[in-house]
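Per-entry structural report
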Amino acid sequence: MTIQTTDYVGTLFDEQGNPDKVTVAFTMGNKALEKGHSATVILMADAVRLGLPGRVDGMDIGAPFKPVPELLEGFLAKGGQVAVCKSCMEHNGLKPDQLDSRFPVITADDVIDLVMASKGALQIS
């Protein structure tokens, strides 16, 4: 799967242990898409585990935010990309075939290309 550069890039470093950050990452990604921008959320460090099917199930920090599963599916349905850092994936003992097939695995070079080509980026760490 080829990764496309996008207007907005969010980098996410946390997973289930910090649902606030996961919620904000996908809320901002959805907002970028709603405003007519293309968008990517990159899962890095511990966040690569969010690439496992069902990993966001039950994540909901409450109003005024939507539940993470709804945010994620909405983001993908609107054309957003979720990418997984390959080195972070390997470091966390995961293999590409374990991940959601909609999430491309990307290299550090791809991360730099995405961030440098974007109009704006938000680091959620």
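First, a word on what this report is: a plain description of the structure on this page. (Residues numbered from 1 in each chain as written. Predicted model: local features only at pLDDT ≥ 70, side-chain atom pairs only at ≥ 80, totals over all residues. Heavy atoms only, no water.)

One pass over the structure, following the stated rule, counts 9 salt bridges. A salt bridge links Arg-55 to Glu-15, with the nearest nitrogen and oxygen atoms 2.9 Å apart. With Arg-55 in the loop between β2 (39-43) and α2 (68-77) and Glu-15 in the loop between β1 (8-12) and α1 (19-34), the pair connects residues that are 40 residues apart, well separated along the chain. Under the relative-accessibility criterion, Arg-55 is labelled partly exposed at 23%. The class for Glu-15 is buried, based on a relative accessible area of 12%. The closest approach of N and O atoms between Asp-100 and Arg-102, which form a salt bridge, is 2.7 Å. (Salt bridge = Lys/Arg side-chain N within 4 Å of Asp/Glu carboxyl O. Helix = DSSP H or I, 4+ residues; strand = E, 2+ residues; numbered from the N terminus. Buried < 20%, exposed > 50% of the residue type's maximum accessible area, 1.4 Å probe, protein only.)

The next point concerns α2. The complete set of buried residues in α2 reads Val-68, Leu-71, Leu-72, Phe-75 and Leu-76. Looking down the long axis of α2, one finds its buried residues gathered within 125° of arc, a one-sided arrangement. At the exit of α2 stands Gly-79, carrying a positive phi of roughly 100°. (Arc of directions from axis to C-beta.)

What follows covers the side chain of Gln-81. In this fold, Gln-81 is placed in strand β3 (residues 81-85). When its relative accessible area of 14% is taken as the criterion, Gln-81 is described as buried. Polar side-chain contacts of Gln-81 include one of 2.7 Å to the backbone oxygen of Gln-4. Ignoring anything within four residues of it in the chain, the contact list for Gln-81 reads Thr-2, Ile-3, Gln-4, Thr-6, Ala-39, Thr-40, Val-41 and Phe-75. (Polar contact = N/O pair within 3.5 Å; in protein donor to acceptor, adjacent residues only side chain to side chain. Contact = heavy atoms within 4.5 Å.)

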